[in-house]
Amino acid sequence: MASSLTRLTEIRRALPLAAAALLVGALLVPVWTITLTAPQYPGQELLIELYAYPRLGGDFAEVQGLNKYAGFHYPDPVFIEPNYDVSEAAIDVPEWLLGPVVFVGLALTGAFVAFAPTVRKLKAGLTAQLVGTITVFVGMFAFIQYRLYQAGHSLDPDAPLRGIDPFTPPLLGPYEVANISGFAWFGPGGYMTVLAVLLLATAYLARDIEATVDELPALARGLPGAIRERRSGGGDGGPDDRANRDRGASDGTDTTRETDRDRDVGGGDHVG
């Protein structure tokens, strides 16, 4: 048990666990926000908060009234009743229900990778998880943007304001509809998701060393010098040179990549 807990303090194992916690936590707070200004609310900004599942927060009721003037409607999650009124003219977005499945699934993958029994499997898992996580979120980003395109091109023809051209609200950034200005950006959950991806990237970069989390500051301080040395041709980039840099970055406490390879060949590094 002690050996297993010690291995979980390695950067390449601890950071996927931290990323998993962030992804689960992102479900508890808004992942996306929209700030709106309109002449009907002088000197006031209206805020909409969107969660990873069909729920809105903030001033969504007031904004829903503004949307009706332009014929724009909140999407319909189809299979459940959300906490807002759904118009018959709204587009269907049943996949909104899958948000928690995606976040929890990626979190469980991070935990699974962290407990990989061998270094070789750990490295393969870190690579697959980073690529898979980025692919999933890029795909989600593109699909949500497509749904926004649909919503902006399905305006209610019977809306009080006539002559509004179809538009595509951006997932991130400013936009204007008639006399209403909006700005979409990450919510707390969105920032947590971005941080989780960065932690997975860091774990991937640290896949060849056994440095622990408490050695991360020393590694970070030694990184600029290692980069300058590599650019100036101070090392040949071979395994021995990389191992020496790893030792220098963490004051001699890291085991080198050669150790990892030897352990793989010998079938060691089993948790337990």
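Residues numbered from 1 in each chain as written. Predicted model: local features only at pLDDT ≥ 70, side-chain atom pairs only at ≥ 80, totals over all residues. Heavy atoms only, no water.

**What about the side chain of Asp208?**
- Structurally, the position occupied by Asp208 is in the loop between helix H6 (188-205) and helix H7 (216-231).
- A relative accessible area of 15% places Asp208 in the buried class.
- Among the polar contacts made by the side chain of Asp208, one reaches the side chain of Lys123 at a distance of 3.0 Å. (Helix = DSSP H or I, 4+ residues; strand = E, 2+ residues; numbered from the N terminus. Buried < 20%, exposed > 50% of the residue type's maximum accessible area, 1.4 Å probe, protein only. Polar contact = N/O pair within 3.5 Å; in protein donor to acceptor, adjacent residues only side chain to side chain.)

**Considering unusual backbone geometry**
- With a phi close to 70°, Val78 is a non-glycine residue in the positive phi region.
- As for its placement among the helices and strands, Val78 is situated in the loop between helix H3 (60-70) and helix H4 (99-114).
- For Val78, a relative accessible area of 39% corresponds to the partly exposed category.

**Notes on empty space enclosed by the protein**
- As enumerated under the stated definition, the model contains one cavity of 30 Å³ or more in all.
- The computed volume of the largest cavity comes to approximately 40 Å³.
- As for the largest cavity, its lining consists of Gly71, Phe72, His73, Ala89, Ala90, Ile91, Ala151 and Ser154.
- Of the residues belonging to the lining of the largest cavity, the class tally is five nonpolar, three polar and no charged. (1 Å grid on protein atoms, 1.4 Å probe; cavity = no way out; pocket = protein on both sides within 12 Å on 5 of 7 lines; lining within 4 Å. Points joined across faces, edges and corners; volume = space filled by probe spheres on them. Nonpolar A, V, L, I, M, F, W, Y, C, P; charged D, E, K, R; others polar.)

**Things to note about the sheet that holds strand S2 (residues 46-50)**
- Ordered in space as S3-S2-S1-S5-S4, the five strands form an open sheet in which the pairing is antiparallel. Either end of the sheet is taken by a strand with one partner, and the two such strands are strand S3 (56-58) and strand S4 (173-177). When the angles between neighbouring strand axes are averaged without regard to direction, this sheet yields 25°.
- Pairing geometry for S4 and strand S5 (residues 180-186), over five bridges, is antiparallel. Looking at the pairing, Pro174 lines up with Phe183 of S5. (Pairing = 2+ DSSP bridges. Axes fitted to C-alpha atoms, helices over the stretch in contact; angles between N-to-C directions.)

**Digging into H3**
- Listed in full, the buried residues belonging to H3 are Phe60, Val63, Gln64, Leu66, Asn67 and Ala70. Buried residues in H3, looked at end-on, bunch into an arc of 165°, giving them a common side.
- Looking at the buried side of H3, the elements it contacts are strand S1 (32-37), S2, S3, S4 and S5.
- Phi turns positive one or two residues past the end of H3, at Gly71, with a value near 80°. (Arc of directions from axis to C-beta. Contact = heavy atoms within 4.5 Å.)

**Section: the confidence of the model for the chain**
- Averaged over every residue, the pLDDT of the chain is 84; the share at 70 or more is 83%.
- Contacts of residues 235-245 to residues separated by more than four positions or lying in other chains number 13 contacts, the stretch itself having pLDDT below 50.
- A low-confidence stretch, residues 247-268 (pLDDT under 50), is modelled with 39 contacts involving residues beyond four sequence positions or located in other chains. (pLDDT = per-residue confidence, 0-100.)

**Concerning the layout of surface pockets**
- For the largest pocket, the calculated volume is near 1,200 Å³.
- Contributing to the lining of the largest pocket are 48 residues, with Val31, Trp32, Met140, Ile144 and Leu171 lying nearest its centre.
- No other element matches helix H5 (residues 119-152), which puts eleven residues into the lining of the largest pocket.
- Residue composition of the lining of the largest pocket, grouped by class: 41 nonpolar, five polar and two charged.

**Quick notes on the nonpolar core**
- Ranked by internal contacts, the top residues of the largest apolar core, which has 54 residues, are Trp32, Ile34, Leu36, Ile48 and Leu56.
- If we ignore the near neighbours within four places in the chain, the residues touching Ile34 are Leu46, Leu47, Ile48, Leu50, Tyr175, Phe183 and Ala184. (Core = buried A, V, L, I, M, F, W, Y, C linked by side-chain atoms within 4.5 Å.)

**Focus: the pattern of salt bridges**
- According to the stated counting rule, one finds five salt bridges in the structure shown.
- Residue Glu10 is joined to Arg13 by a salt bridge in which the shortest nitrogen-to-oxygen separation is 3.6 Å.
- For Arg13, a relative accessible area of 0% translates into the label buried.
- With a closest N to O distance of 3.8 Å, Arg12 and Glu210 form a salt bridge. Taken as a pair, Arg12 in helix H2 (residues 11-25) and Glu210 in the loop between H6 and H7 lie far apart in primary sequence, 198 residues in all. (Salt bridge = Lys/Arg side-chain N within 4 Å of Asp/Glu carboxyl O.)

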